[in-house]
Amino acid sequence: MKRNALAIGLSRALLCLALLPAGQVLAQAQVPDGAKDPKPTPKELDRVVVQGEIAYRDRTDSTPPVLTYDLEYFQRFEPNTVGDMLKRVPGVAFVGTDIGEYDAAQLRGMASGYTQVLINGKQVPGAGDDRSFWVDRIPAEMVDHVEVIRSNSANRSGDAIAGTINIVLRDAYVFDGSYVRLGLNRWFDGEVNPTFGAVTSGDFLGGRILAGVNVQDRYRAKLKRSDRYSDPSMDELLSFEDQEEVKDGRDTSANLSWKADVGETGRIGIDGFFVKTDRDITEVSNEVEYDNGDVIEKNVPGFSPVDQENWGVGVDYKFDMAGGTTSLDFDHARFKDDSAEQEEEIAYVNGEWDGAEGEATSVDARDAETGFKLAHKRALGGAELEFGVDWRRKKRDVTYTNFEWEAEEEGDAVAYALDGSVGSVIEEKRLDPYVMVSGKGEAFAWEAGLRYETTRSDIRYSEDGDLEEQVGNDYDVLLPSLHFKWNLSDATRVNLSLARSLKRPNFNELVPALLDGEFGDNDYIGNPLLQPETANGIDVGFEHRLGKHGVVGVNVFYRDVKDLIELVNTGEWSEDAQDTYAKDLKKFLKANPGKTAADFEFDPDSFVYTSANVGDGKVYGIEFDLSTPLTALGLPNTGVFANYSWLDSRITDFLGERRFNDQARSVFNIGFIHDMPSIATSFGATYRSQGDAFSRILAEEVTVEYGADLEMFVEKRFGKTISLRLSASNLLDASKDETFHKFDDLGDQLDRDYDEYELESEEAGPSYQLVMRWAF
């Protein structure tokens, strides 16, 4: 309570400061010339739809290190989603996603929970237990531009150890006109499905409005093969499995933006988005297992219907007040998940039916976030002062209901019975005051800020509808930030950023539910008293303008992460150990009449583990990017794009030193676009490769490798309003290859006594897309 009292006191003080006359703040304070931003000249949508020029990466004037990419930068290759866009951005990796899919973005290659994803600068809830937002849910057609913010500032939430991705949707003041997008996708198995999009913008109710709708029939088929051996020598094959999976569904989305001037200095804006995902995931697996001379064949059909919704609304109002500019921002966003998973197994031993069983889980998840921000800017001598307060409330309510079925005889009807439910409710309330001072000269700019983030959380856990435990946890973190930018010349500049950031615990790490056999034979229970991880970071960047449109940049980053959340042994026996003890004790007493349990010695080999703030780690790397026309070589109509990120980290766990889990070693992109204005035609190609990633947890170690991706396009423009574009993806038929080292317990993992060594590979084949755009 004391910590929140401090935050409330600071917030009140900042509000009072905003209400004081400018002269009382500082004698030399200057009153700005009006709060209203100059109204931008709207882009004509026919210029966006029918691109006569090649788009390059924008060079921003911000003091903090920010990379900005307009939709036009990506559009020639016809991305369907924001994930398809981000895979071409420096330092963005996707580890763990299925081949050809790009959902949970990972800046600096770190796990997706370390990357903050914003929509229009606002936080949004998502499906991930690690607080991540799946960017493949947002269609590319809704986007104006994407910002990669490498280091955080005081006026933005500090949940960004790896950085922030801000997805800025199309704005009513930015676009003018209308267009329609029609497309067809063809997949490697012959499936064809359509896409449709439309955007319109114009004057409305004294302001400007933009509305868009997008419908995509989403489809992805893949083939997977798994071979399981007794150990890495691969001398003994234990089993193999062939699987076919098809994801078939539809994403429906819409966005709206309305802005209007109010009075002489005010401006109001309302924006919203809606995304609905309906998808059926069908799996058919055939497994063959060899066990002591028996051949066990298993048919494993699976079915998972996905029904998810994301939506959000925001209202912002900016106006002159008290010698400066005051802004009020309100936002509310929700995520709903009514999905399910079902898997059955029918076994035959040496050709004879041996049994059939099934398990199913339904998900009922509701995640809501509401935020309000009050901020004020004013002159402070030759500098600018900004201060404000963010209030945010989050509630995540999730219930998993389990079902099971087992046949008594061959041919029994499938009839699932309830097998209990587990639910959790996590509520967080935050009050985050901040203050920031910045200045800008001809050659030098700087920004310094402090943000004080306070969090009050309440965690409730239930089984079968009965409340089992309720725990409260409060914490606060002070986040300083400092940014410098030197313009060495009109074309060259250097950036230096120092900032502290944090990562809040994963939701599943907070829930005190006992999970049997979560890590081999070991159990797991969440820890509701976890504190956030924090990191002190530095970014040093160099950027040089090449001619009129080109830019080349290099950035070096380092993060010193404290209070890492790692697995620790509680010392309590697992359920497996308790069962083994009971069986062994019974045998001992039977074999030794007159002995008691006190005479029996038992050494358990599996325990109950939990999460705790016990580790430290370091993350570092180099990021290079280039985007330029080849004018110097006499090829002004040819543009090249390249970026490479070398990524590394160090952390010490129960087995020694390793990288952060799921951090890719590198990300590389290179491509070109060539435009032939005389015949209104363009073509291009892009190549992407991602380094391997390694993950080590209790009883399991995994290495993930992705094959390289090659994409190409050819475009024909008809006049100023119509374009026709054919694009192709995954032309190298890349695969996702995983290597699993599996053990029963920590002792076996230390001794390299394998339970199973598995090699798994999946492929999805090339895909093709034909898209027509018509602007009017």
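Residues numbered from 1 in each chain as written. Predicted model: local features only at pLDDT ≥ 70, side-chain atom pairs only at ≥ 80, totals over all residues. Heavy atoms only, no water.

Enquirer: Honestly, the overall build of the protein in this entry has me stumped. Any pointers?
Expert: Across its full length, the protein carries 8 helices and 39 strands. For a compact globule of 776 residues, the expected C-alpha radius of gyration is about 28 Å, and the protein comes in at 28 Å, within 12% of that figure. Considering only C-alpha atoms, the protein reaches an extent of 95 × 65 × 45 Å along its principal axes. Taking all contacts inside the protein whose residues are at least 6 apart in sequence as the whole, residues at least 24 apart take part in 70%. (Helix = DSSP H or I, 4+ residues; strand = E, 2+ residues; numbered from the N terminus. Rg over C-alpha atoms; globule rule 2.2 N^0.38 Å. Contact = heavy atoms within 4.5 Å.)

Enquirer: Sorry, what's going on with the environment of Arg393 here?
Expert: Along the chain, Arg393 turns up in strand S18 (residues 383-406). Its relative accessible area of 31% is what places Arg393 among the partly exposed residues. Residues in contact with Arg393, not counting those within four places in the same chain, are Ala368, Glu369, Thr370, Glu427, Glu428 and Lys429. (Buried < 20%, exposed > 50% of the residue type's maximum accessible area, 1.4 Å probe, protein only.)

Enquirer: I tried to follow the pairing of strand S38 (residues 756-763) on my own but got confused; where do I start?
Expert: Each regular strand displays side chains that alternate between the two surfaces of the sheet. Of the pairings in the sheet, the one linking strand S11 (residues 207-229) to S38 comprises 7 bridges and is antiparallel in character. Directly across from Tyr229, in S38, lies its bridge partner Tyr757. (Pairing = 2+ DSSP bridges.)

Enquirer: What should I look at first to understand the environment of Glu78 in this one?
Expert: As for its position among the elements, Glu78 is in the loop between helix H4 (71-75) and helix H5 (82-86). Each residue touching Glu78, except ones within four places of it in the same chain, is listed here: Arg181, Arg725, Ser727, Gln769, Val771 and Arg773. A distance of 2.3 Å separates polar atoms of two side chains, one belonging to Glu78 and the other to Arg773. (Polar contact = N/O pair within 3.5 Å; in protein donor to acceptor, adjacent residues only side chain to side chain.)

Enquirer: Please clarify how helix H7 (residues 575-591) should be interpreted in this entry.
Expert: For an α-helix, 3.6 residues make a turn, and residues three or four places apart therefore share a direction. With 17 residues, H7 should cover 24 Å at 1.5 Å per step; its first-to-last C-alpha distance of 24 Å lies within 8% of that length. Those residues of H7 that fall on the buried side of the exposure criterion are Ala577, Leu585 and Phe588. Angularly, the buried residues of H7 cover 70° about the axis, an arc narrow enough to put them on a single face. Projecting away from the buried face of H7 at angles above 90 degrees are the exposed residues Lys583, Lys586, Lys587 and Lys590. Where H7 is buried, its residues touch strand S26 (550-573). (Expected span 1.5 Å × (residues − 1). Arc of directions from axis to C-beta.)

Enquirer: Honestly, the sheet that holds strand S8 (residues 163-169) in this entry has me stumped. Any pointers?
Expert: Taken in spatial order, the 5 strands line up as S2-S7-S8-S5-S6 in an open sheet, and their pairing is mixed. Strand pairing shows two members of the sheet lacking a second neighbour, strand S2 (66-70) and strand S6 (122-123), which therefore form its edges. Here 2 bridges tie strand S5 (residues 115-119) to S6, and the two strands are oriented antiparallel to one another. Its bridge partner being in S6, Ile119 is matched across the sheet by Lys122.

Enquirer: Even after reading the chapter, I still don't get the pairing of strand S37 (residues 735-742), so can you show me in this structure?
Expert: Among the 8 residues in S37, 7 count as buried, and that is most of the element. The pairing of strand S34 (residues 700-706) with S37 spans 7 bridges and is classified as antiparallel. Residue pairing in the sheet places Glu701 in a bridge with His741 of S37. In terms of strand pairing, S37 meets S38 through 8 bridges, oriented antiparallel.

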